[in-house]
Protein chains: 2
Amino acid sequence: MSLSLLSYALLGLLEQQPSSGYDLRKIFVQTPMWSYSDSPGAIYPALERLEKSGLIRGRVEASAGLRQRKLFRLTSAGTAELKKWLRKPVSREEVVRGMGELMLRFAFTERVLGGAAAMQFLKDLEKELRWYVPTLREFLDTQEEAMTISGRLALESGIRGYESQLGWTTYAIAMYAERNKGGTSS
Amino acid sequence: MSLSLLSYALLGLLEQQPSSGYDLRKIFVQTPMWSYSDSPGAIYPALERLEKSGLIRGRVEASAGLRQRKLFRLTSAGTAELKKWLRKPVSREEVVRGMGELMLRFAFTERVLGGAAAMQFLKDLEKELRWYVPTLREFLDTQEEAMTISGRLALESGIRGYESQLGWTTYAIAMYAERNKGGTSS
DNA sequence: ATCGTCATGTAACGTGTTACATGATTGT
DNA sequence: ACAATCATGTAACACGTTACATGACGAT
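Here the structure is a predicted model, which means the values were calculated and not measured.

On to the domain arrangement of chain A, then. All names here are of chain A. What the domain assignment reports for chain A is domain 1 (5-86) and domain 2 (92-181). Computed over C-alpha atoms only, the centres of domain 1 and domain 2 are separated by 28 Å. Across the contact, 13 residues belong to domain 1 and nine residues belong to domain 2. Looking only at domain 1, the three residues that lose the most surface to domain 2 are Q16, W85 and L86, adding up to 49% of its buried area. Our count for the domain 1 to domain 2 interface comes out at one salt bridge. Taking the shortest distance from any N to any O, the salt bridge between E15 and R111 comes out at 3.0 Å. On the surface where domain 1 and domain 2 come into contact, there are three residue pairs in polar contact (both at pLDDT 80 or more). Secondary structure elements with two or more residues in the side of domain 1 that touches domain 2: α1 (5-16) and α4 (76-87). A per-element tally of the side of domain 1 that touches domain 2 places α1 first, with seven residues. Tallied by class, the residues present in the side of domain 1 that touches domain 2 amount to nine nonpolar, two polar and two charged.

Structure (structure tokens):
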């Protein structure tokens with residue numbers, strides 16, 4: 001049972017609170033950088049598929065004079081599928097492919113799997129980035145002469161992106177560590 | 001005539017040198033972060049489409065005992081289409097959507113449109129990033145309390161990515177400025 | 001003789017994009 | 001009465017993914 005990124009995003013959001021297709025669309029429109037399409041042509045069919053697979057269930061709820069909204073919530077199978085996805089180990093290949101899916105997973109991890117899992121995620125990610133960034137630098141150094149200035153610069157831009165991710169990872173680890181030390185609350 | 005990103009990537013690469021589908025695939029496999037799929041099922045049909053649109057022309061060339069390779073090169077219509085794409089102004093919306101297409105365009109700009117165009121591109125990009133980064137920071141500040149820790153951190157990661165891009169942009173501008181001052185060569 | 005790599009394709013499939021359609025509700 | 005927004009869909013289409021297929025060439 002392999003789902004698209006959009007489907008996982010929907011599962012994660014529905015885990016946070018039952019929502020209608022319209023609600024979910026608004027989230028995608030309003031939230032910067034979670035740039036999934038806000039088009040109904042993507043979201044409604046995706047919800048339909050998830051319902052057919054038994055991962056979510058929708059029911060029409062006309063709350064307080066508003067027009068009918070179909071609220072979706074996760075089934076137990078849906079929660080299980082979401083957890084399975086979130087528990088996937090942070091792999092080298094995934095890091096190479098890009099940060100998109102990894103950051104989406106991180107955004108849901110703490111809520112669904114707890115703080116310890118989120119911390120583990122960050123540590124695994126940090127490890128992989130500490131391997132990948134030098135790998136990229138090395139590639140740039142050895143290939144430098146075969147590239148145009150623009151090519152070099154474009155690659156440099158990508159490497160800096162990963163370096164920035166690495167910086168963020170250590171920052172995030174510190175944030176988590178501090179929060180777990182200081183207050184046990186919430 | 002709107003093409004997919006992959007198609008533009010192929011046009012840009014073919015402008016640099018005539019290549020076979022296999023050559024192009026190798027580039028995607030070997031180059032980190034230009035992560036377009038290396039699958040023949042994407043590249044060969046894309047080349048076919050480009051040929052049907054008259055943007056490239058392929059001819060079989062059996063060079064020196066090797067087995068037959070179909071080498072593609074740009075037609076004048078292809079060059080025109082590539083230039084049209086590269087000349088698109090750097091727009092706010094494009095920056096919000098992500099850096100992917102912009103960096104691909106930058107990688108080809110100098111070669112096809114010349115150094116001045118590349119410099120202009122960078123300056124436009126810098127301007128948009130100087131607008132967008134504070135916008136994102138503001139969003140984070142105002143929404144902070146409504147978000148989970150993971151949500152905040154995920155957003156922070158994205159913002160840092162854009163900040164890193166901004167840093168790179170100024171760096172790249174400096175590189176270009178220096179090169180155009182120092183040596184006129186190549 | 002056989003295996004790996006070079007090289008080009010094809011066919012089924014899923015899914016996102018774009019654009020259109022519909023009707024209810026709220027505000028003026 | 002009318003427009004704007006809420007809310008859900010649908011249909012055509014393009015494109016990439018996955019997996020399979022084919023055959024030539026070079027090496028052992």
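From this point, the discussion proceeds with the structure in view.
Turning to the interface of chain B and chain A, a few remarks are in order. With 35 residues of chain B in contact, the opposing surface of chain A contributes 35 residues. Carbon and sulfur atoms supply 70% of the area buried between chain B and chain A, which totals about 3,000 Å² over both sides. For the pair chain B and chain A, the number of links is zero salt bridges. At the boundary of chain B and chain A, one finds 10 residue pairs in polar contact (both at pLDDT 80 or more). Contributions of two or more residues to the side of chain B that touches chain A are made by α6 (100-113), α7 (115-143) and α8 (149-181) of chain B. At 21 residues, α8 of chain B tops the list of elements feeding residues into the side of chain B that touches chain A.

Turning to the protein's contact with DNA strand C, a few remarks are in order. Neighbouring residues of DNA strand C: 21 residues in total, closest S4, S37 and R67 of chain A together with Y22 and K70 of chain B. At 2.8 Å, a backbone N or O of K70 of chain B approaches a phosphate oxygen of DNA strand C. Every element with two or more residues in the surface near DNA strand C is listed here: α3 (40-52) of chain A together with α2 (21-30), α3 (40-52) and β2 (69-74) of chain B. Among the elements that line the surface near DNA strand C, the one with the most residues is α3 of chain B, at four residues.

The next thing to look at is the relation of the copies chain B and chain A. When chain B is fitted to chain A, the residual RMSD is 0.0 Å, and the transformation amounts to a turn of 180° plus an axial shift of 0.0 Å. A rotation of that kind, with that shift, is consistent with a two-fold axis. Relative to the rotation axis, the C-alpha of G161 of chain B is the closest in chain B, positioned 2.9 Å from it. In this assembly, 100% of the residues forming the interface of chain B have copies in chain A that are likewise at the interface, indicating an isologous arrangement.

The next thing to look at is the packing of helix α1 (residues 5-16) of chain B against α6 of chain B. Between two packed helices, the angle of one axis relative to the other and the distance separating the axes together describe the packing. All names here are of chain B. Running from amino to carboxyl end, α1 crosses α6 at an angle of 20°, the nearest separation of the two axes being 10 Å. Judged on the interaxial angle alone, α6 and α1 are roughly parallel. Viewed along their axes, α1 and α6 form a crossing whose handedness is left-handed. Of α6, the residues touching α1 (which contributes L5, Y8, A9, G12, L13, E15 and Q16) are E101, L104, F108, R111 and V112.

Turning to the protein's contact with DNA strand D, a few remarks are in order. With respect to spatial proximity, 20 residues lie near DNA strand D, and among them Y22 and K70 of chain A together with S37, G41 and R67 of chain B are the closest. In this structure, a phosphate oxygen belonging to DNA strand D sits 3.1 Å away from a side-chain N or O atom of Y44 of chain A. A distance of 2.8 Å separates a phosphate oxygen of DNA strand D from a polar backbone atom of K70 of chain A. Mapped onto the surface near DNA strand D, the elements with two or more residues apiece are α2 (21-30), α3 and β2 (69-74) of chain A together with α3 of chain B. Its residues assigned to classes, the surface near DNA strand D comprises five nonpolar, nine polar and six charged.

Attention shifts here to α7 of chain B. All names here are of chain B. Between its first and last C-alpha atoms α7 spans 42 Å; for 29 residues at 1.5 Å apiece the expected length is 42 Å, and the two agree. Within the sequence span of α7, burial applies to A118, M119, F121, L122, L125, E126, E128, L129, Y132, V133, L136 and L140. Packing partners of the buried residues in α7 comprise α5 (92-97), α6 and α8.

Attention shifts here to the packing of aromatic side chains. Any two aromatic rings considered together are summarised by their centre-to-centre distance and by the angle between their planes. Evaluation of the coordinates by the stated rule reveals 14 aromatic pairs over all chains. Ring centres of F106 of chain A and Y176 of chain A lie 6.3 Å apart, and the angle between their planes is 75°; this geometry places the pair in the edge-to-face category. Of this pair, F106 of chain A sits in helix α6 (residues 100-113) while Y176 of chain A is found in helix α8 (residues 149-181), placing the two residues 70 residues apart along the sequence. You can call F106 of chain A buried: its relative accessible area is 0%. Here Y132 of chain B and Y162 of chain B contribute two aromatic rings whose centre-to-centre distance is 5.0 Å and whose plane-to-plane angle is 90°, an arrangement assigned as edge-to-face. Note that Y132 of chain B is positioned in helix α7 and Y162 of chain B in helix α8, a separation of 30 residues in sequence. You'll find Y132 of chain B and Y162 of chain B in the same group, each marked buried. An aromatic cluster of three or more residues is present, and its members are F106, F121, W168 and Y176 of chain A. Here the basic side chain of R92 of chain B rests over the ring of W131 of chain B, its NZ or CZ set 4.0 Å away from the ring centre. The lysine or arginine in question, R160 of chain B, covers the ring of Y171 of chain A, its NZ or CZ lying 4.5 Å from the ring centre.

Thresholds, definitions, all that
- Residues numbered from 1 in each chain as written.
- Chains lettered and ligands numbered in written order.
- Predicted model: local features only at pLDDT ≥ 70, side-chain atom pairs only at ≥ 80, totals over all residues.
- Heavy atoms only, no water.
- Domains from an automatic or database assignment.
- Contact = heavy atoms within 4.5 Å.
- Buried area = accessible area lost by both parts, 1.4 Å probe.
- Salt bridge = Lys/Arg side-chain N within 4 Å of Asp/Glu carboxyl O.
- Polar contact = N/O pair within 3.5 Å; in protein donor to acceptor, adjacent residues only side chain to side chain.
- Helix = DSSP H or I, 4+ residues; strand = E, 2+ residues; numbered from the N terminus.
- Nonpolar A, V, L, I, M, F, W, Y, C, P; charged D, E, K, R; others polar.
- Near = heavy atom within 4 Å.
- Least-squares fit on C-alpha atoms with pLDDT ≥ 70 in both.
- Axes fitted to C-alpha atoms, helices over the stretch in contact; angles between N-to-C directions.
- Parallel < 35°, antiparallel > 145°, perpendicular 65-115°, else oblique.
- Left-handed = near helix turned anticlockwise from the far one by under 90°.
- Expected span 1.5 Å × (residues − 1).
- Buried < 20%, exposed > 50% of the residue type's maximum accessible area, 1.4 Å probe, protein only.
- Phe/Tyr/Trp six-rings, centres within 6.5 Å; stacked < 30°, edge-to-face > 60°.
- Lys NZ or Arg CZ within 6 Å of the ring centre and 35° of its normal.

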